[in-house]
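Tertiary structure, described
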Amino acid sequence: MRFLIIFLSVLSIALTACDDDDNFTPIGTTHIYQTSEADNLEDGTYVVNSAEEYVRLMNARLPSDLNVDFKTEALVIVKGHETSGIDDISVQSSRDISTYNIGISMSLNCFSAIEHWCVAVVMPAVANPSVVVDIERNGIQ
């Protein structure tokens, strides 16, 4: 009986240690950057395939809420600016074979200053992807 208890204890520890779930950020997760987090980045679209590439691009580590598994995922970053302020921003994403489709919807406010924006979306990794960005602007411009 004692052997069985020890065996079951060791087995449960081994199974827990083999847990393959490293709490990676799910595909489709969006991160909206604060303005200052992306100051050094030019307006444009970027596909990031490694943590090192992210550091070179952003001069910073990945945000704590983005634990990207770069073996199977990529991070698509889109940055731009508006001639008025932004009250709200939302992002939708999808993927066709080798194309990332990113839809960005903004509620604008002409009574606020010009604002830069930057979003990142976790997507499945594909070889040589293209990125299609569709921006919808709502509200007073």
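See the structure printed just above.
These lines cover the structure that appears in this document, whether it is placed above or below. Every residue gets a number counted from 1 within its own chain, in the order that chain's sequence is written. Given that the model is predicted, a residue must reach a pLDDT of at least 70 before its local features are reported, and side-chain atom pairs must reach 80 or more before they are shown or counted; all residues, however, enter totals for whole chains, interfaces and linings. Side-chain numbers come from the whole structure's heavy atoms, not from hydrogens or water.

Definition of nonpolar core: a set of buried residues of the types Ala, Val, Leu, Ile, Met, Phe, Trp, Tyr and Cys, connected through side-chain atoms within 4.5 Å. Only protein chains enter the accessibility calculation, which uses a 1.4 Å probe. A residue is then buried if its area is under 20% of the maximum for its type, exposed if over 50%, and partly exposed in between. V78, I89, I102, I104, M106 and W117 are the most contacted members of the largest nonpolar core, which totals 16 residues. Secondary structure elements follow DSSP: runs of H or I of four or more residues count as helices, runs of E of two or more count as strands, with numbering from the N terminus. Going through the elements one at a time, β3 (73–82), β4 (85–96), β5 (99–109) and β6 (115–124) are the ones with two or more residues in this core. Tallying contributions element by element places β5 first for this core, with five residues. Throughout, a residue-residue contact means that at least one pair of heavy atoms, one from each residue, lies within 4.5 Å. Those residues in contact with I102 that sit more than four places away from it in its chain are V76, V78, V91, Q92, S93, V121, V131, V132, V133 and D134. Within the second largest apolar cluster, 14 residues are counted, among which are V48, M58, L75 and I77.

Moving on, we come to empty space enclosed by the protein. The distinction between a cavity and a pocket rests on a 1 Å grid over the protein atoms alone: a 1.4 Å probe fits inside a cavity but cannot get out, while a pocket stays open yet meets protein on both sides within 12 Å along at least five of seven lines, and a residue with an atom within 4 Å of a point counts as lining. Grid points are joined across faces, edges and corners, and a volume is the space filled by probe spheres set on the points. Applying the stated criterion to the full structure yields one cavity of 30 Å³ or more. In this structure, the largest cavity spans a volume of roughly 40 Å³. If you trace the largest cavity, you find it lined by Y33, Q34, T35, A38, K79, H116, W117 and C118. Per-element tally for the lining of the largest cavity: the top contributor is β6, with three residues.

Turning to the pairing of β3, a few remarks are in order. Judged by how many residues are buried, β3 sits mostly within the fold: nine of ten residues are covered. Strands were regarded as paired on the criterion that DSSP finds at least two bridges between them. Sheet topology places strand β2 (residues 44–48) next to β3; five bridges connect them, and they run antiparallel. Pairing of G44 across the sheet is with K79, part of β3. The pairing of β3 with β6 spans ten bridges and is antiparallel. Bridge pairing in β6 places L75 opposite V122.

On to unusual backbone geometry, then. Residues other than glycine seldom take positive phi values, yet N59 does so here, at roughly 55°. Within the fold, N59 resides in the loop between α2 (51–58) and β3. Positive phi values are uncommon outside glycine, yet N128 reaches one of about 45°. When you line up the elements, N128 lands in the loop between β6 and β7 (130–139). The exposure class assigned to N128 is exposed, which follows from its relative accessible area of 75%.

Remember, this is a structural readout, not a statement about activity or role.
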